[in-house]
Amino acid sequence: MAVGINTYIWNNNIKSILLLCAFPFLFFIMDFLFFAGTAALSPMPVGADPTPIIVQQGLTGLANTWGYVVGGVGIWFVIAYFMHGSIIRAATHAKPLTRTEAPELYNILENLCISRGITMPALYIIETPAMNAFASGIDKKSYSITVTRGLLNTLNPAELQAVLGHELTHIINQDVRLLIVSIIFVGIISFASNLAVRNMLYGMNRRSNNKNAGIAVIVGMVVLAIGYLLAFT
């Protein structure tokens, strides 16, 4: 439980580390569930109890593919670490905002950073009339604040200062690091779970008369639930 600024920052750091450490194990669970769901769609021996067979197939599939899971997780870590900013900007259509384009905004942010003794983050803008702003990044080199055109056109200097100060607080408290870990790093689970469920549903459509299809549907729902829970929590 956070009781002050420093403990709040430590809390965010601990959560980030725990999420990163849990990441491979969560994929192992989803890997097992995928093969178990696939086994549930396969023909079973007449009179056999399907549960041990499904569990065994899940464990066998995990044993045969865990190396690929580790490799994939490692590759995604590298991609997410070096390209998280590009991924966010591509998703939001954010563009760099220069001092020439918004001198007043730059001066406000610069003064706030000087007052706190921190490096000034990069500024980006999203061309939309909606009023919004957010901070992102995992270190001094990647910290940035993104604002919308609607925010710039609507708020006065004092209000802009309040918004930028709020976003800087997220950077100082390292909320943005936890956000990046949660969305960019762990968010890939959502994609993987969707892919796994689609594959199982495709197999179910091809074997619509299989009495174990219901088990596969349940497994698929579990995989999807895990993915979305972790991606958007």
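The rules we used
- Residues numbered from 1 in each chain as written.
- Predicted model: local features only at pLDDT ≥ 70, side-chain atom pairs only at ≥ 80, totals over all residues.
- Heavy atoms only, no water.
- Axes fitted to C-alpha atoms, helices over the stretch in contact; angles between N-to-C directions.
- Helix = DSSP H or I, 4+ residues; strand = E, 2+ residues; numbered from the N terminus.
- Parallel < 35°, antiparallel > 145°, perpendicular 65-115°, else oblique.
- Left-handed = near helix turned anticlockwise from the far one by under 90°.
- Contact = heavy atoms within 4.5 Å.
- Nonpolar A, V, L, I, M, F, W, Y, C, P; charged D, E, K, R; others polar.
- Core = buried A, V, L, I, M, F, W, Y, C linked by side-chain atoms within 4.5 Å.
- Buried < 20%, exposed > 50% of the residue type's maximum accessible area, 1.4 Å probe, protein only.
- pLDDT = per-residue confidence, 0-100.
- Phe/Tyr/Trp six-rings, centres within 6.5 Å; stacked < 30°, edge-to-face > 60°.
- Pairing = 2+ DSSP bridges.
- Salt bridge = Lys/Arg side-chain N within 4 Å of Asp/Glu carboxyl O.
- Expected span 1.5 Å × (residues − 1).

Brief notes about the packing of helix α3 (residues 103-116) against helix α5 (residues 157-172)
Line of reasoning, step 1. Two elements in contact, α3 and α5, have axes separated by 10 Å at closest approach and are oriented at 45°. Accordingly, the angle class assigned to the pair α3 and α5 is oblique. The interaxial crossing formed by α3 with α5 has right-handed handedness. Counting all contacts with α3, which are made through E104, L105, I108, L109, L112, C113 and R116, the residues of α5 involved are P157, L160, Q161, L164, G165, L168 and I172.
Line of reasoning, step 2. Classifying every residue of the contact of α3 with α5 by side-chain character gives 10 nonpolar, two polar and two charged.

As for the nonpolar core
Line of reasoning, step 1. In terms of nonpolar packing, the biggest core is built from 24 residues, with L105, I145, V147 and L164 touching the most fellow members.
Line of reasoning, step 2. When residues of this core are assigned to their parent elements, the largest contribution, six residues, is made by α3.
Line of reasoning, step 3. Core analysis: the second largest hydrophobic core is formed by seven residues, F23, F27, V69 and W76 among them.

Here's the deal with the confidence of the model for the chain
Line of reasoning, step 1. Averaged over all residues, the pLDDT of the chain is 77; the fraction at 70 or higher stands at 72%.
Line of reasoning, step 2. Confidence, expressed as mean pLDDT per element, reaches its minimum in the chain at helix α8 (residues 213-232) with 46 and its maximum at strand β2 (residues 122-126) with 95.
Line of reasoning, step 3. Low pLDDT, under 50, characterises residues 206-221; the predicted model gives this stretch 24 contacts beyond four residues in sequence or across chains.
Line of reasoning, step 4. Long-range and interchain partners of residues 223-233, a stretch whose pLDDT sits below 50, account for 27 contacts in this model, where long-range means more than four residues apart.

As for the packing of aromatic side chains
Line of reasoning, step 1. Enumeration according to the criterion identifies two aromatic pairs in this entry.
Line of reasoning, step 2. Ring centres 6.1 Å apart and planes at 85° place the aromatic pair F25 and F28 in the edge-to-face group. Here F25 and its partner F28 are both found in helix α1 (residues 5-40), three residues apart, which amounts to about one turn of the helix.
Line of reasoning, step 3. The interplanar angle of 85° and the centroid separation of 5.1 Å between the aromatic rings of Y81 and F82 together place this pair among those described as edge-to-face.

Remarks on the environment of G137
Line of reasoning, step 1. Among the structural elements, G137 can be located in the loop between β3 (133-136) and β4 (144-148).
Line of reasoning, step 2. In this structure the C-alpha to C-alpha distance between G137 and G85, which are 52 residues apart in sequence, comes to 6.8 Å.
Line of reasoning, step 3. Among all residues touching G137, those that are not within four sequence positions of it are H84, S142, Y143, V176, R177 and I180.

Section: the pairing of β4
Line of reasoning, step 1. Burial runs high along β4: five of the five residues are buried.
Line of reasoning, step 2. The two faces of β4 match: S144, T146 and T148 on one face and I145 and V147 on the other face are all buried.
Line of reasoning, step 3. Across five bridges, the pairing between β2 and β4 is parallel. Its bridge partner lying in β4, I125 is registered against V147.
Line of reasoning, step 4. In this structure, β3 lies alongside β4, joined through four bridges in antiparallel fashion. Paired with A133 across the strands is V147, a residue of β4.

A look at the pattern of salt bridges
Line of reasoning, step 1. This structure, assessed with the given rule, holds two salt bridges.
Line of reasoning, step 2. With its nearest N and O atoms 3.2 Å apart, the salt bridge here joins E110 to R99. Residue E110 is located in helix α3, and its partner R99 is located in the loop between β1 (95-96) and α3; the two are separated by 11 residues in the primary sequence.
Line of reasoning, step 3. Take R99: its relative accessible area is 36%, and that puts it in the partly exposed class.
Line of reasoning, step 4. Across the pair E127 and R149 runs a salt bridge, and its minimum N-O distance is 2.8 Å.

Section: helix α2 (residues 50-92)
It helps to recall that an α-helix has 3.6 residues per turn; residues three or four apart then point in one direction.
Line of reasoning, step 1. Relative to the 63 Å expected for 43 residues at 1.5 Å per residue, α2 spans just 47 Å between its end C-alpha atoms, considerably shorter than the ideal helical length.
Line of reasoning, step 2. Listed as buried for α2 are P50, I54, G58, G61, T65, V69, V73, W76, A80, H84, G85 and I88.
Line of reasoning, step 3. Downstream of α2 by one or two residues, H93 has phi in the positive range, about 60°.

Overview of the sheet that holds β4
Line of reasoning, step 1. Read across the open sheet, the four strands follow the order β1-β2-β4-β3; overall the sheet is mixed. Each edge of the open sheet carries a strand with a single partner, namely β1 and β3.

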